[in-house]
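Structure at a glance
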Amino acid sequence: MTRASDTQGHTRGGILSKEGLPGWLDPVVRAVETVRPGQLSRFLPPEDGAGRQSAVLILFGDGGGNGADEAGSGPELLLMERAGTLRSHAGQPAFPGGALDPEDGDPQGDGPLRAALREAEEETGLDPAGVQLFGVLPKLYIPVSGFVVTPVLAWWREPTPVGVVDPNETARVFTVPVADLTDPANRVTAVHPRGHRGPAFLVESALVWGFTAGIIDRLLHFAGWERPWDREKQVPLDWRS
């Protein structure tokens, strides 16, 4: 299924590459190349440069089976559930990621790419050597925590075992088939006690909402994978969310 992409991607310090991506990722590649910040979120980084620079890894795998007789579930995304004791976004399903460290480098250059891989390794135990970074979305802002987030997209070229590395940071690590994310039966609107509404997904015994769900929702939409779903189907969030 893997083939060279028809359009060769630019590299960023030798870190980004679109060579050899599976064909089913082509719509995602096109979306990354054309999407504008305001199409992803109404929360954009402050113009005065405030906010803590961070990055998340949006890692696509092929969802292959574990043996010759086991069929795969199709393309999937890697997610984790944050520990309930954390100060920010406790207990929420999320992409692996976190704040940039000085050793990651320039926040306006390759720093977010290195941070996304480093954080993913620290949180899930994956081997970065098997991960191919192929794109970066515009920086977004999470007002409640003050993070300026760079979403980094990647292909899990050589999957390795993943799991909880530090229970103080991560409650569990899991993958979600893209087919489950696009299934209208799994899509709801999350309603925050303060009145905010946003897309959410009921998958893998978890409610994926907030920043993570917003990114997934927009990726599905701009990649052309979105299926019509009932936006009036609501799930109330706990007041502590």
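Check the entry above for the structure.
Now for a look at the structure at hand. (Residues numbered from 1 in each chain as written. Predicted model: local features only at pLDDT ≥ 70, side-chain atom pairs only at ≥ 80, totals over all residues. Heavy atoms only, no water.)

What follows concerns the overall build of the protein chain. Regarding its fold elements, the protein chain presents five helices and 12 strands. Taking all 241 residues of the protein chain together, 48% fall into the buried category. Of all intrachain contacts in the protein chain linking residues separated by at least 6 positions in sequence, the fraction that spans at least 24 positions is 65%. Total accessible area on the protein chain stands at roughly 11,600 Å², and carbon and sulfur atoms take up 50% of it. (Helix = DSSP H or I, 4+ residues; strand = E, 2+ residues; numbered from the N terminus. Buried < 20%, exposed > 50% of the residue type's maximum accessible area, 1.4 Å probe, protein only. Contact = heavy atoms within 4.5 Å. Areas by Shrake-Rupley, 256 points an atom, 1.4 Å probe, with all protein chains shown as cover.)

Evaluated as defined, the whole model comprises four aromatic pairs. Where Trp24 meets Trp225, the ring centres are 6.4 Å apart and the plane angle is 45°; that geometry is what we call tilted. With Trp24 in the segment before helix H1 (26–34) and Trp225 in the loop between helix H5 (210–222) and strand E12 (234–236), the pair connects residues that are 201 residues apart, well separated along the chain. We classify Trp24 as buried; its relative accessible area is 12%. For the ring pair Phe60 and Trp225, a centre distance of 6.5 Å and an interplane angle of 80° mean the geometry is edge-to-face. Separated by 165 residues along the polypeptide, Phe60 in strand E1 (residues 52–61) and Trp225 in the loop between H5 and E12 bring together distant segments of the chain. Note on Phe60: relative accessible area 2%, which makes it buried. Every member of this aromatic cluster is reached through a ring pair, and the members are Trp24, Phe60, Trp155 and Trp225. (Phe/Tyr/Trp six-rings, centres within 6.5 Å; stacked < 30°, edge-to-face > 60°.)

The subject of this paragraph is the sheet that holds strand E10 (residues 197–203). Pairing in this open sheet of four strands is mixed, and the strands run E11-E10-E9-E12 from one edge to the other. Both outer strands of the open sheet, strand E11 (206–208) and E12, are each paired with one neighbouring strand and no more. Each strand axis lies, on average, 40° off the axis of its neighbour in the sheet, ignoring direction. With three bridges joining them, E10 and E11 adopt antiparallel strand pairing. The residue bridging Val203 from the neighbouring strand is Ala206, located in E11. Along the sheet, H5 contacts strand E9 (187–191), E10 and E11; its crossing angle with E10, the most-contacted strand, is approximately 85°. (Pairing = 2+ DSSP bridges. Axes fitted to C-alpha atoms, helices over the stretch in contact; angles between N-to-C directions.)

Our next topic: the nonpolar core. Core analysis: the largest hydrophobic core is formed by 37 residues, its most contacted members being Ile58, Phe60, Phe134, Leu137 and Leu153. If you tally residues by element for this core, the top one is H5, at five residues. Counting residues in each nonpolar core, the second largest holds 19 residues, with Ala55, Leu78, Ala116 and Val173 among its members. (Core = buried A, V, L, I, M, F, W, Y, C linked by side-chain atoms within 4.5 Å.)

It is worth spelling out the pattern of salt bridges at this point. Counting across every chain of the model gives 11 salt bridges. Where Glu119 meets Arg118, a salt bridge forms, and the shortest distance between an N and an O atom there is 3.2 Å. Taking relative accessible area as the criterion, Arg118 reaches 14% and is therefore assigned buried. Arg231 is the salt-bridge partner of Glu226, the closest N and O atoms lying 3.3 Å from each other. By relative accessible area, which is 22% here, Glu226 ends up partly exposed. (Salt bridge = Lys/Arg side-chain N within 4 Å of Asp/Glu carboxyl O.)

All buried positions along H1 are accounted for by Asp26, Pro27, Val28, Val29, Ala31 and Val32. Elements in contact with the buried residues of H1: E1, strand E5 (131–136), strand E7 (147–156) and H5.

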